[in-house]
Amino acid sequence: MASFKERWNIKSNWQVFVIIVVFALTGSSAAYLSKPFLQWFGIVKGEVSYWIYYPLYIVLIFPIYQVLLVGYGFIFGQFTFFWAFEKKMLKSMGLGFLFPDKKNPE
């Protein structure tokens, strides 16, 4: 636990607990909210092939998860941690252009 706290610059065990709760809520909420979004686009589980439905479901979870992660982080008072986590994750996925470096404006 100490290496986790040091790696992520976390000060207390309470903060670790809150961060774990935020991750749990975010994952569950993203999975739950993806189904209504697919229905809103007219993609219903019984009417579309499973080969189409489930890949779209999984792809749709990703952006919903990103928004909810920062939102829940804000609600639980951990916005700074989750904003830094979000930027690091998106940069590692090759989406770093979304967060230009302010030190080297090009």
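That block above? That's the structure.
Residues numbered from 1 in each chain as written. Predicted model: local features only at pLDDT ≥ 70, side-chain atom pairs only at ≥ 80, totals over all residues. Heavy atoms only, no water.

J.: With reference to specific residues and values, describe a nonpolar patch on the surface.
T.: A surface patch of nonpolar side chains, about 600 Å² in accessible area, is lined by Leu-25, Phe-74, Ile-75, Phe-76, Phe-79 and Trp-83. Within the secondary structure, Ile-75 is located in helix 3 (residues 50-75). Residue Ile-75 is classed as exposed on the basis of its relative accessible area, which comes to 63%. (Patch = residues over 30% accessible without salt bridge, like charges linked within 9 Å, V, L, I, M, F, W, Y side chains within 5 Å. Areas by Shrake-Rupley, 256 points an atom, 1.4 Å probe, with all protein chains shown as cover. Salt bridge = Lys/Arg side-chain N within 4 Å of Asp/Glu carboxyl O. Helix = DSSP H or I, 4+ residues; strand = E, 2+ residues; numbered from the N terminus. Buried < 20%, exposed > 50% of the residue type's maximum accessible area, 1.4 Å probe, protein only.)

J.: Before we move on, can you summarise the packing of aromatic side chains with the specific residues and values?
T.: Under the defined criterion, the tally for this structure stands at 14 aromatic pairs. Plain terms: the ring middles of Tyr-53 and Tyr-57 are 6.1 Å apart, the flat faces sit at 10° to each other, and that makes the pair stacked. Taken as a pair, Tyr-53 and Tyr-57 lie in helix 3 at a separation of 4 residues, close to a single helical turn. Each member of the pair, Tyr-53 together with Tyr-57, is buried. Relative to Phe-82, the ring of Phe-81 has its centre 5.0 Å away and its plane inclined at 85°; by these criteria the two rings are edge-to-face. Given the relative accessible area of 0%, Phe-82 is considered buried. (Phe/Tyr/Trp six-rings, centres within 6.5 Å; stacked < 30°, edge-to-face > 60°.)

J.: Residue-level account of unusual backbone geometry, with values.
T.: Phi angles above zero are rare outside glycine, and Asn-9 is one such case at about 60°. Considering the arrangement of structural elements, one finds Asn-9 in the loop between helix 1 (2-7) and helix 2 (13-40). The class for Asn-9 is exposed, based on a relative accessible area of 55%.

J.: With reference to specific residues and values, describe the nonpolar core.
T.: By size, the foremost hydrophobic cluster in this structure holds 18 residues, and its most contacted members are Leu-38, Leu-69 and Phe-82. Elements represented by at least two residues in this core include exactly helix 2, helix 3 and helix 4 (79-92). Not counting residues within four places of it along the chain, the set of residues in contact with Leu-38 comprises Ile-43, Tyr-53, Leu-56, Tyr-57 and Leu-60. (Core = buried A, V, L, I, M, F, W, Y, C linked by side-chain atoms within 4.5 Å. Contact = heavy atoms within 4.5 Å.)

J.: Account for helix 2, naming residues and giving values.
T.: A rise of 1.5 Å per residue sets the reference length of helix 2, with its 28 residues, at 40 Å; its end C-alpha atoms lie 41 Å apart and thus fit the reference within 8%. Gln-15, Val-16, Val-18, Ile-19, Val-22, Thr-26, Ser-29, Ala-30, Ser-34 and Leu-38 are the residues of helix 2 that are buried. Residues of helix 2 that are buried sit in contact with helix 1, helix 3 and helix 4. Where helix 2 terminates, the next one or two residues include Gly-42, which has phi positive at roughly 85°. (Expected span 1.5 Å × (residues − 1).)

J.: Account for the packing of helix 3 against helix 4, with residues named and values stated.
T.: Two elements in contact, helix 3 and helix 4, have axes separated by 7 Å at closest approach and are oriented at 155°. Between helix 3 and helix 4, the interaxial angle falls into the category roughly antiparallel. As helix 3 runs across helix 4, the sense of the crossing is left-handed. Along the contact surface, helix 3 presents Phe-62, Gln-66, Leu-69, Val-70, Gly-73 and Phe-74, while helix 4 presents Phe-79, Phe-82, Trp-83, Phe-85, Glu-86, Met-89 and Leu-90. The class makeup of the residues in the contact of helix 3 with helix 4 is 10 nonpolar, 2 polar and 1 charged. (Axes fitted to C-alpha atoms, helices over the stretch in contact; angles between N-to-C directions. Parallel < 35°, antiparallel > 145°, perpendicular 65-115°, else oblique. Left-handed = near helix turned anticlockwise from the far one by under 90°. Nonpolar A, V, L, I, M, F, W, Y, C, P; charged D, E, K, R; others polar.)

Shape descriptors only; they carry no functional weight alone.
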